[in-house]
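# Topology and contacts: notes
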Amino acid sequence: MSNNLQGILWALVATALFATALAMVKIAVVDFHVLQILFIRQVVVLASALPALCSTFPQSLKTERPVIHAVRLTGAFVALSTGIWAVALLPLTTAITLAFSQVFFVALLASRFLDERVDLPRIIAVIVGFIGVIVVIQPGPDGFLNVAAFIPVAGALGAATAVICVRTLSQTESTATLLGYQAVVIGLLSGIPLLWVWTTPTVPEFAFLFGIGILSAIAQWFGVKALRLGEASVVGNMEYSKLIYAVLIGYLVFAEIPDLPTIAGALIIISAALTLLHRETLNRHSAA
C-alpha cells in the first residue's frame, strides 16, 4: 500500500472510535461538566503514553519545535473542549456534520504551511463531500443562524490547526511525545477549574468516563499514525466517515432514525471518500 492509502485506512478506524467516544460524551455530559469529562479523558491519554515516555526519559520530552507544540496544543484544547460542548447542545449528527468544516481548513492550511499539492481531484472530493454535508444539514432560517452551530466550527478550526502541526511534528517526534505533551497541558488547562465544577462519580459512572478516555486514547494513537503515513489533505478528508458512524450510533443508541436528506447526504459523502480511496489505489499501481 502507498503511504496515503495506509493513512486513509488508519484514519477510518480512528474516526469510528472518535464517533463512539462522542456518543458516550453525549450521555455523560448530562451529569458531568465538559471540563471534568475532558480532564478524565486526558488522564487516560497520558497513562497510555507513559510507558513509552518513561522508557526514553528525558529525551522523550525534548523538542526543537516548542512553538509548533504550543500552536498545536492551543488548537487541540479548542477542538476537544468545543467538541464536548457541541454534543451537549446539538444533536450528535448535527455536531459532527458541522465539524466537517475541518476538512476545508486542513486543505487550506496544508497548501499554505506544508507545501502539499492539493490538486483538482482532491479539491473535487472535498467539495463533493461537503455538498453531502449541506444536504444533511438542510440549512434554513433556524440552521446556521443558531449561535450553537458556530461552536463545532470553531472546534474544526482548532482541530485543523492541530492536524497540520501533528503532520509536521510526527516526522521527527514519537507518538508518545505528541500525546504526552497534549495530555499534560490540556489536562492542566481543564483540571484547574475542576475545583469549582467537580461532581464525584459513582463507580459505574467513573468506569464509563474512563471508557471514554480509553477509546479516545486509542483513536488518537491511530490518528497520529494516519498523519505520519499520509498527507494531511488526504487523511483529513476521511473525517467525513464520522457522519456515517454518527447515523448508525444515533439509531442504535439514541433511537434516532435518519431522514431522507441524511441518507442522501451520507451516500454523497461515502462516494467522495471512496473516490479518493480509489484514486490513491490507482496511484499506487501506476507508481509500481
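These lines cover the structure that appears in this document, whether it is placed above or below. Given the structure is predicted, the values throughout are model-derived calculations rather than measurements.

## A look at the overall build of the chain
A count of helices and strands for the chain gives 13 helices and 0 strands. Secondary structure elements in the chain, listed N-terminal to C-terminal, are α-α-α-α-α-α-α-α-α-α-α-α-α.

## Brief notes about the nonpolar core
Counting residues in each nonpolar core, the largest one holds 39 residues, and the members touching the most others are Ile37, Ile84, Leu92, Leu209, Ile212 and Tyr240. At 6 residues, helix H1 (residues 3–28) tops the list of elements feeding residues into this core. Membership of the second largest hydrophobic core comes to 24 residues, among which are Leu169, Leu178, Ala217 and Ala226.

## What to know about the side chain of serine 81
As for its placement among the helices and strands, serine 81 is situated in helix H3 (residues 66–89). Judged by its relative accessible area of 14%, serine 81 is buried.

## Here's the deal with the packing of H1 against helix H12 (residues 241–254)
Where H1 meets H12, the axes come as close as 9 Å, and the angle between the chain directions of the two elements is 40°. In terms of orientation, H1 lies oblique with respect to H12. The crossing of H1 and H12 is right-handed. Between H1 and H12, the contacting residues are Leu12, Thr15, Ala16, Phe18, Ala19, Thr20, Ala23, Lys26 and Ile27 on the first element and Ser241, Lys242, Tyr245, Ile249, Val253 and Phe254 on the second. In the contact of H1 with H12, the residues fall into 10 nonpolar, 3 polar and 2 charged.

## Digging into a nonpolar patch on the surface
There is a patch of nonpolar side chains on the surface, built from Ile27, Tyr251, Leu252, Val253 and Ile257 and spanning about 560 Å² of accessible area. Counting residues per element, the nonpolar patch draws most heavily on H12, which supplies 3 residues. Here tyrosine 251 is to be found in helix H12.

## Notes on the environment of glutamine 102
Summarising the element assignment, glutamine 102 is placed in helix H5 (residues 101–113). On the basis of relative accessible area, glutamine 102 is assigned to the buried category, the value being 9%. Separated by 57 residues in sequence, glutamine 102 and alanine 159 have C-alpha atoms that sit 6.7 Å apart. Beyond its immediate stretch of four places on either side in the chain, glutamine 102 contacts Ala156, Ala159, Ala160, Val163 and Glu239.

## What to know about H3
The end-to-end C-alpha distance of H3, which contains 24 residues, comes to 35 Å, matching closely the 34 Å that a straight helix rising 1.5 Å per residue would cover. Every buried residue of H3 is listed here: His69, Arg72, Leu73, Gly75, Ala76, Ala79, Leu80, Ser81, Thr82, Ile84, Ala86 and Val87.

## Comments concerning the packing of H1 against H3
Running from amino to carboxyl end, H1 crosses H3 at an angle of 60°, the nearest separation of the two axes being 9 Å. Relative to H3, H1 is oriented oblique. Here H1 and H3 pass one another in a crossing that is right-handed. Taken together, the residues of H3 that come into contact with H1 (itself represented by Leu22, Val25 and Lys26) are Gly83, Ile84 and Val87.

Rules used in this analysis
- Residues take numbers from 1 onward in each chain, read along the sequence in its written order.
- Residues qualify for local features only when their pLDDT is at least 70, as the model is predicted, and side-chain atom pairs are given and counted only at 80 or more; totals for whole chains, interfaces and linings, by contrast, use all residues.
- Working from all heavy atoms in the structure, the side-chain values ignore hydrogens and water.
- The numbering of helices and of strands both runs from the N terminus, where a helix is a DSSP run of H or I of at least 4 residues and a strand a run of E of at least 2.
- Residue types Ala, Val, Leu, Ile, Met, Phe, Trp, Tyr and Cys, when buried and joined through side-chain atoms within 4.5 Å, form a set referred to as a nonpolar core.
- Between buried and exposed lies partly exposed: a residue is buried under 20% and exposed over 50% of the maximum accessible area for its type, with that area taken using a 1.4 Å probe on protein chains only.
- As a rule, the C-alpha atoms of each element are fitted with a line to give its axis, helices using only the stretch in contact, and angles between N-to-C directions run from 0 to 180 degrees.
- Here roughly perpendicular refers to angles of 65 to 115 degrees, roughly parallel to angles under 35, roughly antiparallel to angles over 145, and oblique to all remaining angles.
- In this scheme the crossing of two helices becomes right-handed for a clockwise turn of the near helix relative to the far one and left-handed for an anticlockwise turn of less than a right angle.
- Contacts: residue pairs with any heavy atoms within 4.5 Å of one another.
- In the scheme used here, Gly and all other residues not listed as nonpolar or charged are polar, with Ala, Val, Leu, Ile, Met, Phe, Trp, Tyr, Cys and Pro taken as nonpolar and Asp, Glu, Lys and Arg as charged.
- Patches draw on residues past 30% relative accessible area with no salt bridge. Two like charges within 9 Å are joined, as are two nonpolar side chains (Val, Leu, Ile, Met, Phe, Trp, Tyr) within 5 Å.
- Values of accessible area rely on a 1.4 Å probe in the Shrake-Rupley scheme; residue burial ignores everything except the protein chains shown.
- Here a salt bridge means any side-chain nitrogen of Lys or Arg lying within 4 Å of a carboxyl oxygen belonging to Asp or Glu.
- One fewer than the residue count of a helix, multiplied by 1.5 Å, yields its expected span.

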